[in-house]
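# A look at the structure
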Amino acid sequence: MNRDEQIVDAVKCGRHEGHTLMVGCYGQQCFAMIARMVPNVMDAEELTQDTFLRAFSHIGSYDPQRASLGTWLCRIAYRLTLDFLKKRRPRLVSIEDSEVWQTDISNEQLEAELSTGREERIQQLEQLMDTLPEDERMLLTLHYFENRPLDECSFIMDATPHALANRLYRIRKKLYKLLQKK
């Protein structure tokens, strides 16, 4: 029995050490993901706690065939964080979003423009990321900052890998367009 199986079994049986092990193994990972989206540390800590409370109460729905325990926990954290952010801030649709499609640029050009290692460009991109909608920031965080493959991102975000690849392209195109305006 591997570590995740031991944790799940202990939590299902209501043993305290299962809860402690789950939080010890995955607490920092969930907190880090949430903290990238929620700047207030107390809110991020509360959402992390809510993630584990939800996981403990729904452990019976965990299916190790679909995802690892860490990925399943990140999916719970993702949903709770999006719900939290939606309640805090109304979603605004930018007129600039429609302009993105008018920019004809290849994937290679986007990659070259957005992935220059210059410190100034990195700072600009980080500032622009803060202006994106929550779900777009989360996708960028999961895929680029946490280096998660698209199939893991798709489980967490409940979307197909193909749809997320398209969204990543559109987001990068949007960032490119915003960089051109600076």
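Provided above is the structure to which this section pertains.
This text gives an overview of the structure that appears in the document. Each chain carries its own residue numbering, running from 1 in the direction its sequence is written. Only residues with pLDDT of at least 70 are given local features in this predicted model, and only at 80 or more are side-chain atom pairs given and counted; all residues enter the totals for whole chains, interfaces and linings. Only hydrogens and water are set aside when side-chain values are computed; all heavy atoms of the structure are taken into account.

## Quick notes on the packing of helix H2 (residues 16-37) against helix H8 (residues 134-145)
A pair of packed helices is characterised by two quantities: the angle between their axes and the separation of those axes. Only the contacting stretch of a helix is used when fitting its axis, a line to C-alpha atoms as for every element, and angles between N-to-C directions run 0 to 180 degrees. Going along the chain from the N terminus, every DSSP run of H or I of four or more residues is numbered as a helix, and every run of E of two or more is numbered as a strand. Look at H2 against H8: their axes get within 10 Å of each other, and the N-to-C directions meet at 135°. Classified by the interaxial angle, the pair formed by H2 and H8 is oblique. The hand of the H2/H8 crossing is right-handed. The segment H2 lies against H8, with Met33, Arg36 and Met37 engaging Glu134, Arg137, Met138, Thr141, Leu142 and Phe145. Three classes are used: nonpolar for Ala, Val, Leu, Ile, Met, Phe, Trp, Tyr, Cys and Pro, charged for Asp, Glu, Lys and Arg, and polar for all others, with Gly counted as polar. The residue makeup of the contact of H2 with H8, split by class, is five nonpolar, one polar and three charged. Oblique is the label for any angle not under 35 degrees, not over 145, and not in the 65 to 115 range, which are roughly parallel, roughly antiparallel and roughly perpendicular in turn. If you view the pair so one helix is near and one far, a crossing is left-handed when the near helix is turned anticlockwise from the far one by less than a right angle, and right-handed when it is turned clockwise. We call two residues in contact whenever any of their non-hydrogen atoms come within 4.5 Å of each other.

## Brief notes about the pattern of salt bridges
Salt bridges are defined as contacts in which a side-chain nitrogen from Lys or Arg sits within 4 Å of a carboxyl oxygen from Asp or Glu. A full pass over the atoms with the stated rule returns nine salt bridges. Arg3 is the partner of Asp4 in a salt bridge, and the nearest nitrogen-oxygen pair spans 4.0 Å. Via salt bridges that share partners, Arg36, Glu146, Arg148 and Glu152 belong to a single interconnected network.

## Notes on the packing of helix H4 (residues 69-88) against H8
Remark: H4 packs on H8, axes separated minimally by 10 Å, with the N-to-C direction vectors making an angle of 150°. Classified by the interaxial angle, the pair formed by H4 and H8 is roughly antiparallel. As H4 packs across H8, the resulting crossing turns out to be right-handed. Only Glu134, Asp135, Arg137 and Met138 of H8 make contact with H4, whose side of the interface consists of Tyr78, Thr81, Leu82 and Leu85. Across the contact of H4 with H8, the residue classes tally to four nonpolar, one polar and three charged.

## Description of H8
Here's how the labels work: a residue is buried when its accessible area is under 20% of the maximum for its type, exposed when over 50%, partly exposed in between, all with a 1.4 Å probe on protein chains only. For H8, every residue scored as buried is listed here: Glu134, Glu136, Arg137, Met138, Leu139, Leu140, Thr141 and Leu142. Backbone geometry just after H8 places Asn147 at a positive phi near 55°.

## Thoughts on the environment of Leu125
With respect to the helices and strands, Leu125 occurs in helix H7 (residues 119-129). A relative accessible area of 15% means that Leu125 is categorised as buried. In this structure, the C-alpha to C-alpha distance between Leu125 and Leu175, residues 50 residues apart in sequence, is 7.3 Å.

So, to be careful, I would describe these as geometric facts and stop short of saying anything about function.
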